[in-house]
2 protein chains.
Amino acid sequence: MLKHKHNHDECIESALEAAQKICEERETRFTPLRRRVLELVWSKHQPITAYEVLDLLSEGQKRVAPPTVYRALDFLIEEGFVHRIESLNAFVGCSDPEHKHQGHFMICTKCSNVTEMNEKSLHDVIKKAAKENGYTYENSILEIAGVCENCRN
Amino acid sequence: MLKHKHNHDECIESALEAAQKICEERETRFTPLRRRVLELVWSKHQPITAYEVLDLLSEGQKRVAPPTVYRALDFLIEEGFVHRIESLNAFVGCSDPEHKHQGHFMICTKCSNVTEMNEKSLHDVIKKAAKENGYTYENSILEIAGVCENCRN
DNA sequence: TGATGGGTTGATATTTTATAACAATCAGGG
DNA sequence: CCCTGATTGTTATAAAATATCAACCCATCA
Ligand SMILES: [Zn+2]
Ligand SMILES: [Zn+2]
Ligand SMILES: [Zn+2]
Ligand SMILES: [Zn+2]
């Protein structure tokens, strides 16, 4: 179902490394828990709910409580490593953590895969629309539902 | 706080009339409950939560249960009279119920007022972005957070 | 008329998602 | 080591939404 085949382990690994590096630069704490939660978010190359993360995190150990997961997710979102998909109440790893932003996504209604769009032009159009309506732009969420290339075939 | 001063009673009344008319055309049932819920959604010219609607609906009578409200909201959303604001878990009346669409909104982070944008150009850009990424467009939500003109002054 | 059936609403219980509040623990600086 | 602030653990609860089945309404038609 993945849009492009790739070695997903590498994919996770590089996300973790990037996060680690950014935290060092910012002097924020990439603790084992936060690292593990980020790994779990990435583990399912699809949006994952907080309680799914909770279940995975609890495997083979005492069950953790919701705040543990939500606090870690809050941190990861704050740092820009994870986005929340509002229309799904779910979370995905960010494909471009170096540059803080709120995400713009396309969500396949057949396979649930999500594609993050990092397109400056789209971002600019949205900013412009806000300005034209008299708003000072802060940030935005865009979630497009549709059918992905794979699922059409 | 309202962007433009207006007689809000008239505003509500016209929304109800429009809904009534559209339901007659579509032969869907604009029941007293649905009418009342739409009225309550409009009553607060700002996003309103399902449970706020529930509280208002329950005033002076036996308390209604959540499904009553959610079912009415589902109908109103389905008919395009109401939009859900995903980032707020709240609902607003649609400013253009004649033409079914998912809403594109700007949300003031100071006063919580919401402005619906019915701009074809923006809609087109979003559709185009979906297409360029290989998705067959179905619909989209756009929620821009910012500060409105009033609140800046 | 009154049986039938679809759509709507009522009622009860539960699930899903998220947060509040406070205690325990940990990591770094004096 | 002791203090401090950040992080994590723990318990309880709030907020948002849905599942299920019963009751009701009302148009159709036998
Ligand atoms: Zn991103
Ligand atoms: Zn797909
Ligand atoms: Zn609308
Ligand atoms: Zn404002």
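Going by the structure above, here's the rest.
Residues numbered from 1 in each chain as written. Chains lettered and ligands numbered in written order. Predicted model: local features only at pLDDT ≥ 70, side-chain atom pairs only at ≥ 80, totals over all residues. Heavy atoms only, no water.

Enquirer: Can you walk me through empty space enclosed by the protein in this structure?
Expert: To find leftover empty space, a probe the size of one water molecule is rolled over the atoms. All names here are of chain A. Counted according to the given criterion, the structure contains one cavity of 30 Å³ or more. Its volume calculated, the largest cavity comes out at about 40 Å³. Lining the largest cavity we find Ala15, Ala18, Ala19, Leu38, Trp42, Phe81, Cys94 and Pro97. Contributing elements (two or more residues each) for the lining of the largest cavity: helix H1 (8–26) and helix H2 (32–43). With three residues, the top contributor of residues to the lining of the largest cavity is H1. Classifying every residue of the lining of the largest cavity by side-chain character gives eight nonpolar, no polar and no charged. (1 Å grid on protein atoms, 1.4 Å probe; cavity = no way out; pocket = protein on both sides within 12 Å on 5 of 7 lines; lining within 4 Å. Points joined across faces, edges and corners; volume = space filled by probe spheres on them. Helix = DSSP H or I, 4+ residues; strand = E, 2+ residues; numbered from the N terminus. Nonpolar A, V, L, I, M, F, W, Y, C, P; charged D, E, K, R; others polar.)

Enquirer: What should I look at first to understand the sheet that holds strand E5 (residues 136–147) of chain A in this one?
Expert: Within a sheet, adjacent strands bond to each other through the backbone by hydrogen bonds, running parallel or antiparallel. Read from one edge to the other, the open sheet built from six strands follows the order E4(A)-E3(A)-E5(A)-E5(B)-E3(B)-E4(B), with strand pairing classed as mixed. For this open sheet the edge positions go to strand E4 (114–116) of chain A together with strand E4 (114–116) of chain B, each flanked by a neighbour on one side alone. Pairwise comparison of adjacent strand axes, ignoring direction, gives a mean angle of 15° for this sheet. Sheet topology note: the strand E3 (residues 104–108) of chain A/E4 of chain A ladder contains three bridges and is antiparallel. Counted as the bridge partner of phenylalanine 105 of chain A is glutamate 116 of chain A from E4 of chain A. Running over the sheet, helix H5 (residues 120–132) of chain A touches E3 and E5 of chain A together with strand E3 (104–108) and strand E5 (136–147) of chain B and is turned about 125° from E5 of chain A. (Pairing = 2+ DSSP bridges. Axes fitted to C-alpha atoms, helices over the stretch in contact; angles between N-to-C directions. Contact = heavy atoms within 4.5 Å.)

Enquirer: Explain the pairing of strand E2 (residues 90–93) of chain A here, please?
Expert: Two faces, one strand: in a regular strand the side chains alternate between the faces of the sheet. Residue and element names in this part refer to chain A. Neither face of E2 is left uncovered, since the one carrying Ala90 and Val92 and the one carrying Phe91 and Gly93 both have all their residues buried. Relative to E2, strand E1 (residues 82–85) runs antiparallel, the two sharing four bridges. By the bridge assignment for E2, isoleucine 85 is matched with alanine 90. Here E1 hands over to E2 after four residues, with asparagine 89 in that stretch at a positive phi of 50°. (Buried < 20%, exposed > 50% of the residue type's maximum accessible area, 1.4 Å probe, protein only.)

Enquirer: Sorry, what's going on with the coordination of the zinc ion (ligand 4) here?
Expert: The reference angle at a metal is 109.5 degrees if four donors form a tetrahedron and 90 or 180 degrees if six donors form an octahedron. Cys108 of chain B (SG), Cys111 of chain B (SG), Cys148 of chain B (SG) and Cys151 of chain B (SG) make up the full set of protein donors to the zinc ion (ligand 4), lying at 2.2 to 2.3 Å. Each of the four donor atoms bound to the zinc ion (ligand 4) contributes to angles spanning 106 to 115°, and the resulting shape is tetrahedral. (Donors = N, O, S within 2.8 Å, 3.2 Å for Na, K, Ca; no water. Tetrahedral: all angles 85-135°; square planar, octahedral: opposite > 155°, others 65-115°.)

Enquirer: Mind showing me how you'd approach the relation of the copies chain A and chain B here?
Expert: For the pair of chain copies, the relating operation is a rotation around an axis with a shift along it. Once turned by 180° and shifted 0.0 Å along the axis, chain A lies on chain B with an RMSD of 0.0 Å. With respect to symmetry, the two chain copies, as superposed, fit the operation of a two-fold axis. When C-alpha distances to the rotation axis are compared across chain A, the minimum falls at leucine 142 of chain A, with a value of 2.2 Å. With an isologous cut-off of 70% or more, the 100% of interface residues of chain A that recur at the interface of chain B puts this contact in the isologous class. (Least-squares fit on C-alpha atoms with pLDDT ≥ 70 in both.)

Remember, this is a structural readout, not a statement about activity or role.
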